[in-house]
Amino acid sequence: MKIGILGVGHIGKTLAQRLAQARHSVKVANSRGPDTIAPDVLAYGAHAVTTEEALAEVDAVILSIPLGRIADVAPLIARLSDETVVIDTSNYYPFRDDKIEAIEAGQVESLWVAEQLGRPIAKAWNAIGSVSLAHKAAPAGTASRIAIPVAADRENDREVALALVNDSGFDGFDAGSLADSWHQQPGAPAYCTDLTREEMGPALIAAEKARLPKRRDLGVAVMQERLGDGTTNPDADWGVRLVRAINM
Ligand SMILES: NC(=O)c1ccc[n+]([C@@H]2O[C@H](COP(=O)([O-])OP(=O)(O)OC[C@H]3O[C@@H](n4cnc5c(N)ncnc54)[C@H](OP(=O)(O)O)[C@@H]3O)[C@@H](O)[C@H]2O)c1
């Protein structure tokens, strides 16, 4: 597939590497220009381009930017054809994204993103920590392969996102509609807890919506206390142990 990725931070960098390794044609961009993209992002054949170029003539777009920056890219996304599959990896963290009243009032994060963009999206890769994404990929069929939930409203969006999750080294797990995607938001048992396909279904069902924000914020508070800020990502085992203790 021809894929454009906006955002080459913790998550976007690994997706650029993996999807290029899987022989997709990958273009990547950030807001500061192609010259600022580190060479390791491009190690497997992805090309650094401008944001406009990243979205030109692609089958799928992956947004891997902070949720609070979604509005910045909305005008560019509005130019895409209706058939283009837009997959968003974002999560709402008030300390980073500033308070978004609609989400604070209970709007499902992916529905808020779809509303900002004025189009359907798929939600994927939001519920795996960046270190697990980078280091815990496994070939399809591996018994302990980690599953990643995928939510979408359109069948093609769902199928493409599930296939690309598989190509990134993880089992894509159909988690239903965008309206249901709060089951994979921060604070949920399925969020960043590195579960297998068998474990993922029950974990999604076990989510309790009213508890998610408190559990999300507890996780951030512990990470800030132990790591010094809210942007350093913990090593995978420590991070997964912490989030399992709080969310499951
Ligand atoms: N970190 C995790 O473990 C994790 C796990 C799952 C999901 N997520 C979610 O995935 C998203 C990305 O997370 P991350 O940790 O990868 O973030 P990050 O490391 O801060 O990287 C964000 C990337 O987005 C780019 N960016 C920001 N605004 C942009 C714009 N307007 N146009 C184009 N590029 C832009 C940044 O580059 P410039 O600033 O140079 O433009 C940077 O490359 C977030 O919503 C996050 O909540 C994160």
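Residues numbered from 1 in each chain as written. Predicted model: local features only at pLDDT ≥ 70, side-chain atom pairs only at ≥ 80, totals over all residues. Heavy atoms only, no water.

Enquirer: Is there a simple way to explain the sheet that holds strand β3 (residues 47-48) in this structure?
Expert: Within a beta sheet, neighbouring strands are joined by backbone hydrogen bonds and run either parallel or antiparallel to one another. Read across the sheet, eight strands follow the order β3-β2-β1-β4-β5-β6-β7-β8 without closing on themselves; strand pairing throughout is mixed. The sheet is open, and its two borders are formed by β3 and β8 (171-174), each paired with just one other strand. With two bridges connecting them, strand β5 (residues 85-88) and strand β6 (residues 122-123) associate as parallel partners. By the bridge assignment for β6, Asp-88 is matched with Lys-123. Across the sheet, helix α3 (residues 70-77) lies against β1 (2-6), β4 (60-63) and β5, angled at about 165 degrees from β4, the strand it touches most. (Pairing = 2+ DSSP bridges. Helix = DSSP H or I, 4+ residues; strand = E, 2+ residues; numbered from the N terminus. Contact = heavy atoms within 4.5 Å. Axes fitted to C-alpha atoms, helices over the stretch in contact; angles between N-to-C directions.)

Enquirer: Which parts of the structure should I look at to understand the nonpolar core?
Expert: In a soluble, globular protein the nonpolar side chains are often hidden away together inside. Counting 31 residues, the largest nonpolar core has Val-28, Ile-87 and Trp-125 as its most contacted members. Contributing elements (two or more residues each) for this core: β1, α1 (10-21), β2 (25-29), β4, β5, β7 (147-152) and α8 (155-167). The dominant element in this core, judged by the number of residues it contributes, is α1, at five residues. If we ignore the near neighbours within four places in the chain, the residues touching Trp-125 are Leu-15, Leu-19, Ile-62, Ile-87, Thr-89, Leu-133, Ile-148, Pro-149, Leu-164, Val-165 and Ser-168. Listed in part, the 27 residues of the second largest apolar core include Val-58, Ile-65, Ile-77 and Val-113. (Core = buried A, V, L, I, M, F, W, Y, C linked by side-chain atoms within 4.5 Å. Buried < 20%, exposed > 50% of the residue type's maximum accessible area, 1.4 Å probe, protein only.)

Enquirer: Is there a simple way to think about helix α9 (residues 197-205) in this case?
Expert: Side chains that are three or four residues apart share a direction in an α-helix, a result of its 3.6 residues per turn. Residues Met-200, Gly-201, Ala-203 and Leu-204 constitute the buried set of α9. Buried residues in α9 make contact with β7 and β8.

Enquirer: Before we go on, may I ask you to explain the packing of aromatic side chains in this structure?
Expert: The relative placement of two aromatic rings is captured by the distance of their centres and the angle of their planes. If you walk through the whole model with that rule in mind, you get one aromatic pair. With 6.1 Å between their ring centres and 65 degrees between their planes, Tyr-93 and Phe-95 make a pair best called edge-to-face. On the accessibility criterion, Tyr-93 (16% relative accessible area) is buried. Overall, Phe-95 belongs to the partly exposed group, its relative accessible area being 40%. (Phe/Tyr/Trp six-rings, centres within 6.5 Å; stacked < 30°, edge-to-face > 60°.)

Enquirer: Can you help me understand unusual backbone geometry in this one?
Expert: Note: most residues except glycine have negative phi, and most peptide bonds are trans. The phi dihedral of Asp-98 is positive, around 60 degrees, even though this residue is not glycine. Relative to the elements of secondary structure, Asp-98 occurs in the loop between α4 (94-97) and α5 (101-104). With a phi angle near 60 degrees, Cys-192 is a residue other than glycine that sits in the positive phi range. Relative to the helices and strands, Cys-192 is located in the loop between β8 and α9. Taking relative accessible area as the criterion, Cys-192 reaches 12% and is therefore assigned buried.

Enquirer: Before we go on, may I ask you to explain the pairing of β2 in this structure?
Expert: If a strand is regular, its side chains alternate between the two faces of the sheet. With five bridges connecting them, β1 and β2 associate as parallel partners. The partner of Ile-3 across the bridge, within β2, is Val-26. The pairing of β2 with β3 spans two bridges and is parallel. The residue bridging Val-28 from the neighbouring strand is Ala-48, located in β3.

Enquirer: Would you explain the site of the ligand in this entry?
Expert: Around the ligand, the surrounding shell holds 25 residues, and the nearest of these are His-10, Ile-11, Ser-31, Arg-32 and Asn-233. Ile-11 has a polar backbone atom sitting 2.9 Å from an oxygen atom of the ligand. When the ligand sits alone it has 880 Å² of accessible area, and the protein chains cover 84% of it. Taken together, the elements giving at least two residues each to the shell around the ligand come down to α1 and α3. The residue makeup of the shell around the ligand, split by class, is eight nonpolar, 13 polar and four charged. (Near = heavy atom within 4 Å. Polar contact = N/O pair within 3.5 Å; in protein donor to acceptor, adjacent residues only side chain to side chain. Areas by Shrake-Rupley, 256 points an atom, 1.4 Å probe, with all protein chains shown as cover. Nonpolar A, V, L, I, M, F, W, Y, C, P; charged D, E, K, R; others polar.)

Enquirer: Sorry, what's going on with helix α10 (residues 212-227) here?
Expert: Here α10 contains 16 residues, and its C-alpha end-to-end distance of 22 Å stays within 8% of the 22 Å for a straight helix at 1.5 Å per residue. Turning to α10, its buried residues are Leu-212, Arg-216, Gly-219, Val-220 and Met-223. Mapping the buried residues of α10 onto a view down its axis gives an arc of 95 degrees, with all of them on the same face. Counted as exposed and oriented over 90 degrees from the buried face of α10: Lys-214 and Glu-225. (Expected span 1.5 Å × (residues − 1). Arc of directions from axis to C-beta.)

Structural measurements only, silent on function.
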